[in-house]
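Architecture at a glance
Listed below, chain by chain, are the residues.
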Amino acid sequence: MFLRILFTQLWMILSHKSFLWILLFINIFGTVYGYDWYMWQLEITEPKFWIFVPDSPTATLFFCFAIIGWLLKRNFKLMEALALITLVKYGIWAVAMNFLMLAETGSIDPVGWMLIGSHFAMAVQGVLYMRNYRFSGWHIAIAAIWTLHNDVIDYVFGQMPIYHDIMKYSPQIGYFTFWLSIACIVIAIWSLKFRAKSLRMNQ
């Protein structure tokens, strides 16, 4: 009972228009910062692969469009499906890679800890706003194709984010990334089924 009341009060804050505006500006800033972060890698990347390189800022860009929809009292359903899957995926992925860097090198600089915190927050916000998502199975299917295709580009065509100290583990990282993608797609499917169940119970 206490947890239900606490979550209800938390949701009132999370869904308030003023908070959504703040969240939008934070994600816009993170998106711009993220694309700038990848500029050095884009400079050494063939243009045909550019769209697949900056994974995390593209995930937050999807979420920006989702938030804009909510502020307009609309649902950009494909953006919501893409946001949920990619926010959770790349949020967890970046946290895992930075901890792998810690295990490999014995230390992480302040920027690395910032990346851990910001990417963990990415994953959390993707899950926190499940109540707002209105995507269908078709939207999940398209988002799944995008996500898995991105994995192929990253680990078959060698366009993954470059972490020099752990590049020797690329085959293992690619395997982990594939199953992380599957797990995040399953989360999206679960959220769809949970929403459908809740709607039936409220009828």
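First things first, this report covers the structure right here in the doc. Worth saying up front: this structure is predicted, and the values here are computed from it rather than measured.

A tally of regular secondary structure across the chain gives eight helices and zero strands. Listed N to C, the secondary structure of the chain is α-α-α-α-α-α-α-α in terms of helices and strands. For 203 residues, the compact-globule estimate of 2.2 N^0.38 gives 17 Å, and the chain sits close to it at 18 Å. Per-residue burial over the chain gives 43% buried out of 203 residues. Sequence separation of at least 24 residues holds for 79% of the intrachain contacts in the chain that already meet a minimum separation of 6. Counting only carbon and sulfur atoms, one obtains 73% of the accessible surface of the chain, whose full area is about 11700 Å². For the chain, the separation between the mean place of its 14 positive charges and that of its 10 negative charges on side chains is 25 Å.

Judged by nonpolar contacts, the single largest core of 41 residues is most densely connected at Phe 63, Ile 67, Trp 70, Tyr 129 and Tyr 133. The element best represented in this core is helix H5 (residues 77-105), accounting for 13 residues. Apart from residues no more than four positions distant in its own chain, Tyr 133 is found in contact with Phe 63, Trp 70, Glu 80, Leu 84, Gln 125, Gly 126 and Arg 195.

The subject of this paragraph is the packing of aromatic side chains. Tallied over the entire structure, the rule returns 16 aromatic pairs. Seen from their ring centres, Phe 29 and Tyr 33 are 6.4 Å apart, and the 20° between their planes marks the pair as stacked. Of the two residues, Phe 29 and Tyr 33 both sit in helix H2 (residues 17-37), four residues apart, roughly one turn of that helix. Using a relative accessible area of 59% as the deciding quantity, one classes Phe 29 as exposed. Given a relative accessible area of 35%, Tyr 33 falls into the partly exposed group. Pairing Trp 70 with Tyr 129 gives two aromatic rings, centres 5.4 Å apart and planes at 20°, and the pair type is stacked. Note that Trp 70 is positioned in helix H4 (residues 55-71) and Tyr 129 in the loop between helix H6 (110-128) and helix H7 (137-155), a separation of 59 residues in sequence.

Now for the state of the cysteines. Under the defined criterion, the tally for this structure stands at zero disulfides. The thiol sulfur of Cys 64 is not disulfide-bonded, and the nearest other cysteine sulfur, from Cys 184, lies at 19 Å. With relative accessibility at 2%, the residue Cys 184 sits in the buried group.

All right, on to H4 then. Counted at 1.5 Å a residue, the expected span for H4 with its 17 residues is 24 Å, and the 25 Å between its end C-alpha atoms agrees. Within H4, 14 of the 17 residues are buried, which leaves the element mostly enclosed by the surrounding structure.

Reading the values: rules and limits
- Residues numbered from 1 in each chain as written.
- Predicted model: local features only at pLDDT ≥ 70, side-chain atom pairs only at ≥ 80, totals over all residues.
- Heavy atoms only, no water.
- Helix = DSSP H or I, 4+ residues; strand = E, 2+ residues; numbered from the N terminus.
- Rg over C-alpha atoms; globule rule 2.2 N^0.38 Å.
- Buried < 20%, exposed > 50% of the residue type's maximum accessible area, 1.4 Å probe, protein only.
- Contact = heavy atoms within 4.5 Å.
- Areas by Shrake-Rupley, 256 points an atom, 1.4 Å probe, with all protein chains shown as cover.
- Lys, Arg positive; Asp, Glu negative; His and termini not counted.
- Charge placed at Lys NZ, Arg CZ, Asp CG, Glu CD.
- Core = buried A, V, L, I, M, F, W, Y, C linked by side-chain atoms within 4.5 Å.
- Phe/Tyr/Trp six-rings, centres within 6.5 Å; stacked < 30°, edge-to-face > 60°.
- Disulfide = S-S within 2.5 Å.
- Expected span 1.5 Å × (residues − 1).

So far we have only geometry, and geometry alone does not tell us how the molecule works.
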